[in-house]
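As a plain string of letters, each chain reads:
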Amino acid sequence: MNKNLILISNDDGIDAKGIKILTKLMMQLGDVVVVAPDIPRSAQSSALTVTQPIRYRKIEEEEGMIRYSCTGTPTDCVKIALNEILNRKPDLLVSGINHGSNSAINVIYSGTMGAVFEGCENGIPSIGFSLASHFPDPDFGFFEPHVLKIAQTVMEKGLPESVCLNVNAPCGEIHGVRVARQCKGYWTKEFAGRTDPAGRAYYWLTGYFENMEPDAEDTDEWAISHGFISIVPDKIDLTAYDAMDLIREWNL
């Protein structure tokens, strides 16, 4: 009972390489419970399953680690863990390691970060880890010691209330770590249109990220593209406080 309890989830699914690496690392810091989707559920954001039942099952247990597979979204996985599986609040929640960057605007689409926001909402220090590679078998080796250090530091020092961390790493050798802000940008040409054998149109989500400030050296995109890990502190309170007085002046 004196050991740290660490909850792990992701959006690439229970069998992804990234979550296996993350589990191995977190077992050095405490007892680990993994609750992750049974299949890949990327880009789910904070989606909840409301039209069908959710099921989970234990798939592996060893000293200091239990893994569960869940039929729901990443956010569902965290809710199931907190409400049905765990008998106390975790000391840390980590999500990932995601196959692909969740920098810039991607943070709002990310199922990896959806799990992080759910942990943050429940008062748990929460971190999302992502690697800028979509390959199923990337090399996480350069990132691993940084993941361990960041997680250990957060457990020791904590995080401000309602703040979580979005951590993204480049592929290959890492030059250092930078605390950054979310880059301004958007996606263009987001769908590829095709025609099926019956002559009906259908679409695949695709697209290109348009960086609106490529020369700004304080953003997460700049850090990653220059070989640095980016750490962006995110808030679950989305209120635009600086706009409140402006809206009040409308005299609605």
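In this text the structure is predicted, and so the values were computed from the model without any measurement. (Residues numbered from 1 in each chain as written. Predicted model: local features only at pLDDT ≥ 70, side-chain atom pairs only at ≥ 80, totals over all residues. Heavy atoms only, no water.)

**So, the overall build of the chain**
Line of reasoning, step 1. A count of helices and strands for the chain gives six helices and 13 strands.
Line of reasoning, step 2. Against the globule reference of 18 Å for 252 residues, the chain gives a C-alpha radius of gyration of 19 Å, in line with a compact fold.
Line of reasoning, step 3. Dimensions of the chain, computed from C-alpha atoms along their principal axes, come out at roughly 50 × 50 × 50 Å.
Line of reasoning, step 4. Considering only contacts within the chain whose residues lie at least 6 apart along the sequence, 76% involve residues at least 24 apart.
Line of reasoning, step 5. When the accessible surface of the chain is split by element, carbon and sulfur atoms take 51% of a total near 13,700 Å².
Line of reasoning, step 6. Where the 22 positive side-chain charges of the chain centre and where its 34 negative ones centre are 4 Å apart. (Helix = DSSP H or I, 4+ residues; strand = E, 2+ residues; numbered from the N terminus. Rg over C-alpha atoms; globule rule 2.2 N^0.38 Å. Contact = heavy atoms within 4.5 Å. Areas by Shrake-Rupley, 256 points an atom, 1.4 Å probe, with all protein chains shown as cover. Lys, Arg positive; Asp, Glu negative; His and termini not counted. Charge placed at Lys NZ, Arg CZ, Asp CG, Glu CD.)

**Side note on the packing of helix α2 (residues 74–85) against helix α3 (residues 111–121)**
Line of reasoning, step 1. The N-to-C vectors of α2 and α3 enclose an angle of 30°; their axes lie 7 Å apart at closest approach. The pairing of α2 with α3 is recorded here as roughly parallel in orientation. Note on packing geometry: the crossing formed by α2 with α3 is right-handed. Of the residues in α3, those touching α2 at Pro 74, Thr 75, Val 78 and Lys 79 are Gly 111, Gly 114, Ala 115, Glu 118 and Gly 119.
Line of reasoning, step 2. When the residues that make up the contact of α2 with α3 are grouped by side-chain class, the tally is three nonpolar, four polar and two charged. (Axes fitted to C-alpha atoms, helices over the stretch in contact; angles between N-to-C directions. Parallel < 35°, antiparallel > 145°, perpendicular 65-115°, else oblique. Left-handed = near helix turned anticlockwise from the far one by under 90°. Nonpolar A, V, L, I, M, F, W, Y, C, P; charged D, E, K, R; others polar.)

**Quick notes on helix α4 (residues 144–157)**
Line of reasoning, step 1. For α4, spanning 14 residues, the distance from its first C-alpha to its last is 20 Å, which sits close to the expected 20 Å at 1.5 Å a residue.
Line of reasoning, step 2. Along α4, the residues classified as buried are Glu 144, Val 147, Leu 148, Ile 150, Ala 151 and Val 154.
Line of reasoning, step 3. Along its buried surface, α4 packs onto α1 (17–26), β5 (92–99), β6 (126–131), β7 (163–169) and β13 (228–235).
Line of reasoning, step 4. One or two positions beyond α4, positive phi appears at Gly 158, with a value near 75°. (Expected span 1.5 Å × (residues − 1). Buried < 20%, exposed > 50% of the residue type's maximum accessible area, 1.4 Å probe, protein only.)

**Quick notes on the nonpolar core**
Line of reasoning, step 1. Met 26, Ile 127, Phe 129 and Phe 143 are the most contacted members of the largest nonpolar core, which totals 32 residues.
Line of reasoning, step 2. Listing elements by their share of this core, those giving two or more residues are β1 (5–9), α1, β2 (31–37), β5, β6, α4, β7 and β13.
Line of reasoning, step 3. Those residues in contact with Ile 127 that lie beyond four places of it in its chain are Leu 92, Leu 93, Val 94, Ser 95, Val 116, Ile 150, Ala 151, Val 154, Leu 165 and Val 167.
Line of reasoning, step 4. Core analysis: the next-biggest nonpolar cluster, separate from the first, contains 21 residues, Val 33, Val 35, Ala 81 and Cys 164 among them. (Core = buried A, V, L, I, M, F, W, Y, C linked by side-chain atoms within 4.5 Å.)

**Focus on the environment of Asn 102**
Line of reasoning, step 1. Examined against the element boundaries, Asn 102 turns out to sit in the loop between β5 and α3.
Line of reasoning, step 2. Relative accessible area serves as the criterion here: at 6%, Asn 102 is assigned to the buried category.
Line of reasoning, step 3. Along the primary structure Asn 102 and Asp 91 are separated by 11 residues, whereas in three dimensions their C-alpha atoms are 24 Å apart.
Line of reasoning, step 4. With sequence-adjacent residues up to four places away left out, Asn 102 is seen in contact with Val 107, Ser 110, Thr 112, Ser 130, Asn 166 and Asn 168.

**Comments concerning the packing of aromatic side chains**
Line of reasoning, step 1. One pass over the full model with this rule turns up four aromatic pairs.
Line of reasoning, step 2. Relative to Tyr 68, the ring of Tyr 56 lies with its centre 5.7 Å away and its plane at 70°, an arrangement referred to as edge-to-face. Of this pair, Tyr 56 sits in strand β3 (residues 56–62) while Tyr 68 is found in strand β4 (residues 65–70), placing the two residues 12 residues apart along the sequence.
Line of reasoning, step 3. Among the residues examined, Tyr 68 registers a relative accessible area of 11% and is labelled buried.
Line of reasoning, step 4. Centroid distance Phe 129 to Phe 143: 6.1 Å. Interplanar angle 70°. Geometry classified as edge-to-face. Residue Phe 129 is located in strand β6, and its partner Phe 143 is located in the loop between β6 and α4; the two are separated by 14 residues in the primary sequence. (Phe/Tyr/Trp six-rings, centres within 6.5 Å; stacked < 30°, edge-to-face > 60°.)

**Points about the side chain of Ser 103**
Line of reasoning, step 1. Relative to the assigned elements, Ser 103 resides in the loop between β5 and α3.
Line of reasoning, step 2. A polar contact is formed between the side chain of Ser 103 and the side chain of Ser 101, at a distance of 2.8 Å.
Line of reasoning, step 3. Once residues lying within four places of it in the same chain are set aside, the contact partners of Ser 103 are Asn 168, Asp 220, Glu 221 and Ile 224. (Polar contact = N/O pair within 3.5 Å; in protein donor to acceptor, adjacent residues only side chain to side chain.)

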